[in-house]
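Working through the structure, step by step
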Amino acid sequence: MDKVIKVFSILILSALFALPVFGQTDGHSHTHGHDHEHDQKITFPDIPGYHTLKTDFHMHTVFSDGSVWPDIRVKEALREGLDVVAFTEHLEYQPHEEDIPHPDRNRSYEVAMNSAENTGLTVVNGSEITRDMPPGHSNAVFVKDANKLLVDDAMESFEEANRQGAFVFWNHPHWTAQRKDGIARLSDMHRQLISKGLLHGIEVVNVQTYSEEALQIALDHDLTIMGTSDIHGLTDWEYDIPHGGHRSITLVFAESETKQSIKEALVEGRTVVWFKDTFIGHSEYLVPLLEESIRFQSAGYRGDTSVLEVVIKNPTHSEFILKNESPYSFHEDANLFTLEPNSTKTLLVKTEEKRNNVTLPFTVMNAIYAPEAHPTIEVNLKPGVN
């Protein structure tokens, strides 16, 4: 009887956590009738001149205060279709050290590298410089030896990271544990770090939170706009991925997929953050991403009417909320409508008379290039009136 109960328990747990059952090794996990590997894949198009890389530069494992082994982080990233991840364990904060003693602060990265071998996932070595405010918490990624960052003086830790050629960004500047009002503000030390060229980016998004003030700091001080999951538990649980959620990530526009090219893109600020189906970044990269993601495929008049059929395709993992800025109204939609992920929509435009040229501008309401500022994209259609 005990043996039967044990087997039944394994089956239940396997279903709940999508674990392989009795030697299942085909790489696919099936629960509740869904193929989660397919459902979770994040897709975004390249933009002219650059590869669009899906990245998460802030993650934790049991080697600091996370709940999982590094290979689980690798498997999550692969299942979600990420291209680049960084392992950024806390340098100074080690709550599991009695159970998992590891004097080498590079160990998490090394384990992850072994797990990611031959998968196509790029794994970056990083560390979280974990201090009281100021300077608070910051990530140094693309470090060569994380151990050398573990020093008493915070400024020296930043200087050592930069000597190693790291890209350094300020984590969750709006974190209420260090900013009770949730408002990101520069301290004198942060101004000093920026003026010395030791701080290169700032998280405007961390986990499920967004800071307009952090975005404004990024714009005012030419800091790279970053968004990360800062994941400690399971991404499926934190972001409700099985039901359509997604982790917060940074889209990086790199000339190639090498680590050097990725780092150069970060330094030059070629990023857009994707957070709760919202896009945040400089117009220079945000608008091309939107134009490649919202594809106007065809246009023609319906019979002998002056109602123009416009077919729009969204091949991405995100929805887009579009506001009509043209002088024309729509036959089946309001001026504000949603283009669903991985879908095709036919828009019926009432142009009053048949026209050879129709220009349709749309404001993308779930895209932001500055606090409360949304970009506009425009399509010029030639219906070919007979």
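Our subject is the structure that appears above.
First things first, this report covers the structure right here in the doc.

This next bit is on the packing of helix α5 (residues 154–163) against helix α6 (residues 188–195). Relative orientation of the contacting elements α5 and α6 amounts to 25 degrees, with a least axis distance of 12 Å. Classified by the angle between their axes, α5 and α6 sit roughly parallel to one another. Here the hand of the crossing between α5 and α6 comes out right-handed. In this structure, α5 contributes A154, M155 and F158 to the contact, and α6 contributes M189, Q192 and L193.

Ordered in space as β18-β16-β20-β22, the 4 strands form an open sheet in which the pairing is antiparallel. Single-partner strands in this sheet number two, and they are β18 (336–339) and β22 (376–381). Ignoring which end each strand starts from, the neighbouring axes of this sheet average 35 degrees apart. The sheet contact formed by strand β16 (residues 320–324) and strand β20 (residues 358–364) spans 3 bridges and is antiparallel. Bridge pairing in β20 places L322 opposite V364.

Trans is the common state for peptide bonds, and a negative phi is the common state for residues other than glycine. M133 connects to P134 through a cis peptide bond whose omega is -15 degrees. Within the secondary structure, P134 sits in the loop between β5 (122–130) and β6 (137–141).

Here we come to the pairing of strand β4 (residues 84–90). Burial of β4 is extensive: 7 of the 7 residues sit out of reach of the surface. Judged by which residues are buried, β4 turns out to be covered on both faces: V84, A86, T88 and H90 on one side and V85, F87 and E89 on the other are all buried. Note: β4 against β5, 7 bridges, orientation parallel. Bridging from a neighbouring strand, T88 pairs with G126 of β5. Chirality of the crossover, the property in question, places the unit of β4, helix α4 (residues 107–116) and β5 among those that are right-handed.

Right, let's get into the sheet that holds strand β17 (residues 329–330). The antiparallel open sheet is built from 4 strands, whose spatial order is β14-β15-β19-β17. The sheet terminates laterally at β14 (295–301) and β17, the two strands that pair on one side only. As defined by bridge partners, β17 adjoins strand β19 (residues 343–350) across 2 bridges and the pair is classed as antiparallel. Bridging across to β19, F330 finds its partner in V349.

The geometry of an aromatic ring pair is captured by two quantities: the separation of the ring centres and the angle between the planes. Applying the stated rule across the entire model yields 12 aromatic pairs. Note on F296 and F362: the rings are 5.8 Å apart at their centroids and 20 degrees apart in plane angle, and the pair reads as stacked. Pair noted here: F296 is in strand β14 and F362 is in strand β20, with a separation of 66 residues, a long-range link. Exposure remark for F296: the relative accessible area of 21% places this residue in the partly exposed category.

Right, let's talk about the nonpolar core for a bit. Core analysis: the biggest nonpolar cluster contains 50 residues, and F279, L360 and F362 have the highest contact counts within it. Not counting residues within four places of it along the chain, the set of residues in contact with F362 comprises F296, L322, K323, N324, E325, F330, F337, L347, P375, T376, I377 and V379. Ranked by size, the runner-up nonpolar core spans 33 residues in total, among them F158, A161, A166 and L198.

Attention now goes to helix α3 (residues 70–80). The set of residues buried in α3 consists of P70, R73, V74, E76, A77 and E80. Looking straight down α3, one finds that the buried residues subtend no more than 160 degrees of arc, so they occupy a single side. Taken from the residues just after α3, G81 is the one with a positive phi, measuring 80 degrees.

Enumeration according to the criterion identifies 15 salt bridges in this entry. For E268, the salt bridge is made with R270, and the minimal N-O distance between the two is 2.2 Å. One salt-bridge network, in which partners are shared between bridges, spans D56, E80 and R247.

So, on to the environment of F87. Note that F87 resides in strand β4. You can call F87 buried: its relative accessible area is 1%. Sequence-wise, F87 and V141 are 54 residues apart; in three dimensions their C-alpha atoms are separated by 8.3 Å. If sequence neighbours within four positions are ignored, F87 has contacts with M59, T61, P70, R73, V74, S108, A112, V123, V124, N125, G126 and S127.

Right, let's get into the side chain of S138. Its location among the elements puts S138 in strand β6. Beyond its immediate chain neighbours, meaning those up to four positions away, S138 contacts S127, E128, I129, F158, V168, F169, W170, N171 and L199.

Moving on to the side chain of K345. Among the structural elements, K345 can be located in strand β19. Looking at K345, the relative accessible area reads 18%, which means it is buried. Engagement of the side chain of K345 in a polar contact is seen with the side chain of D333, the distance being 2.9 Å. For K345, the residues in contact, after removing those within four places along its chain, are V310, V311, I312, D333, F337, T338 and L339.

Only one face of β16 is covered, namely the one carrying F320, L322 and N324; the face carrying I321 and K323 has none of its residues buried. Where β16 lies against β18, 4 bridges are found, and the strand directions are antiparallel. Each residue of the ladder has a partner; that of K323, found in β18, is L336.

Conventions we followed
- Residues numbered from 1 in each chain as written.
- Predicted model: local features only at pLDDT ≥ 70, side-chain atom pairs only at ≥ 80, totals over all residues.
- Heavy atoms only, no water.
- Axes fitted to C-alpha atoms, helices over the stretch in contact; angles between N-to-C directions.
- Helix = DSSP H or I, 4+ residues; strand = E, 2+ residues; numbered from the N terminus.
- Parallel < 35°, antiparallel > 145°, perpendicular 65-115°, else oblique.
- Left-handed = near helix turned anticlockwise from the far one by under 90°.
- Contact = heavy atoms within 4.5 Å.
- Pairing = 2+ DSSP bridges.
- Buried < 20%, exposed > 50% of the residue type's maximum accessible area, 1.4 Å probe, protein only.
- Right-handed = clockwise from strand over helix to strand, strands pointing away.
- Phe/Tyr/Trp six-rings, centres within 6.5 Å; stacked < 30°, edge-to-face > 60°.
- Core = buried A, V, L, I, M, F, W, Y, C linked by side-chain atoms within 4.5 Å.
- Arc of directions from axis to C-beta.
- Salt bridge = Lys/Arg side-chain N within 4 Å of Asp/Glu carboxyl O.
- Polar contact = N/O pair within 3.5 Å; in protein donor to acceptor, adjacent residues only side chain to side chain.

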